[in-house]
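Read off the chains here:
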Amino acid sequence: MQTLAIIKPDAIASGKAGLILAHLQEAGFTMNAARLVRLTLPQAEAFYGVHKGRPFFAELVAFMTSGPCMPLALSRKDAVPHLRTVIGATDPSEAAAGTIRKLYAESKGRNAIHASDSDENAAREIAFFFPEGELAALGS
Ligand code: UDP
Ligand code: MG
């Protein structure tokens with residue numbers, strides 16, 4: 001099974017992308033596809049459309065468009081729930097020791113990494129960043 005992670009702009013800007021990639025690979029994930037992208041506002045609003053209307057939405061899309069981010073299609077057994085465990089709670093102050101957010105996140109908003117929350121959303125989010133032809137060309 002596959003899931004989508006995004007190394008968020010705070011972690012790219014602070015030079016943590018390599019450490020986070022190593023952490024993901026140590027956790028047993030295989031990288032099927034990767035990009036470095038700067039999201040436009042309409043793209044960020046579409047990706048996080050489920051949160052439209054929430055009080056943090058404007059701040060979230062501003063942050064996600066503030067610099068490059070790195071979407072990753074990742075696979076492993078139980079990819080979706082396992083990645084959620086590996087990244088930790090949304091707020092790093094509540095994240096378990098050793099999780100990516102505990103180690104690398106700055107705050108609840110600037111929290112280093114995104115992970116899909118269901119198989120259905122993982123498929124939608126992977127398709128958002130990686131056209132089928134690109135995945136096929138990679139053998140993914
Ligand atoms: N977020 C925020 N404040 C909140 C809740 C969420 O800034 O009170 C941001 C944060 O960057 C989070 C993203 O919105 O990662 C999506 O929220 P979600 O509840 O889906 O958390 P996640 O699935 O990323 O843990
Ligand atoms: Mg979420």
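Everything numeric in this text was worked out from a predicted model, so none of it was measured.

J.: Before we move on, could you go through the overall build of the protein and cite the residues and values that matter?
T.: Each helix and strand in the protein was counted, giving eight helices and four strands. Its C-alpha atoms give the protein a radius of gyration of 14 Å, within 12% of the compact-globule value 14 Å for 140 residues. Dimensions of the protein along its principal axes, counting C-alpha atoms only, are 40 × 35 × 25 Å. Expressed as a percentage of its 140 residues, the buried residues of the protein come to 46%. When the accessible surface of the protein is summed, it comes to about 7000 Å², and 55% of that surface belongs to carbon and sulfur atoms. Across the protein, the centroid of the 14 positively charged side chains sits 4 Å from that of the 14 negatively charged ones.

J.: Help me get a handle on the pattern of salt bridges, residues and values and all.
T.: Evaluated as defined, the whole model comprises three salt bridges. With its nearest N and O atoms 2.7 Å apart, the salt bridge here joins E106 to R110. Here R124 and E125 are joined by a salt bridge, their closest N and O atoms 3.7 Å apart. Judged by its relative accessible area of 37%, R124 is partly exposed. Overall, E125 belongs to the buried group, its relative accessible area being 5%.

J.: Could you give an account of the nonpolar core, with specific residues and numbers?
T.: Core analysis: the biggest nonpolar cluster contains 23 residues, and I7, I20, L24, L72 and L83 have the highest contact counts within it. Elements with a minimum of two residues in this core: β1 (2-7), α1 (9-13), α2 (17-26), β3 (70-75), α5 (79-87), α6 (100-104) and β4 (113-115). Discounting chain neighbours no more than four positions away, the residues touching I7 are I12, A17, I20, L21, C69, M70, L72 and A112. Counting 19 residues, the second largest nonpolar core, distinct from the first, contains F47, F57, C69 and L135.

J.: Mind laying out unusual backbone geometry, listing which residues take part and the relevant values?
T.: Positive phi outside glycine occurs at D78, with the angle close to 50°. When its relative accessible area of 45% is taken as the criterion, D78 is described as partly exposed. Positive phi values are uncommon outside glycine, yet A112 reaches one of about 75°. Relative to the assigned elements, A112 resides in the loop between α6 and β4.

Definitions and cut-offs
Residues numbered from 1 in each chain as written. Chains lettered and ligands numbered in written order. Predicted model: local features only at pLDDT ≥ 70, side-chain atom pairs only at ≥ 80, totals over all residues. Heavy atoms only, no water. Helix = DSSP H or I, 4+ residues; strand = E, 2+ residues; numbered from the N terminus. Rg over C-alpha atoms; globule rule 2.2 N^0.38 Å. Buried < 20%, exposed > 50% of the residue type's maximum accessible area, 1.4 Å probe, protein only. Areas by Shrake-Rupley, 256 points an atom, 1.4 Å probe, with all protein chains shown as cover. Lys, Arg positive; Asp, Glu negative; His and termini not counted. Charge placed at Lys NZ, Arg CZ, Asp CG, Glu CD. Salt bridge = Lys/Arg side-chain N within 4 Å of Asp/Glu carboxyl O. Core = buried A, V, L, I, M, F, W, Y, C linked by side-chain atoms within 4.5 Å. Contact = heavy atoms within 4.5 Å.

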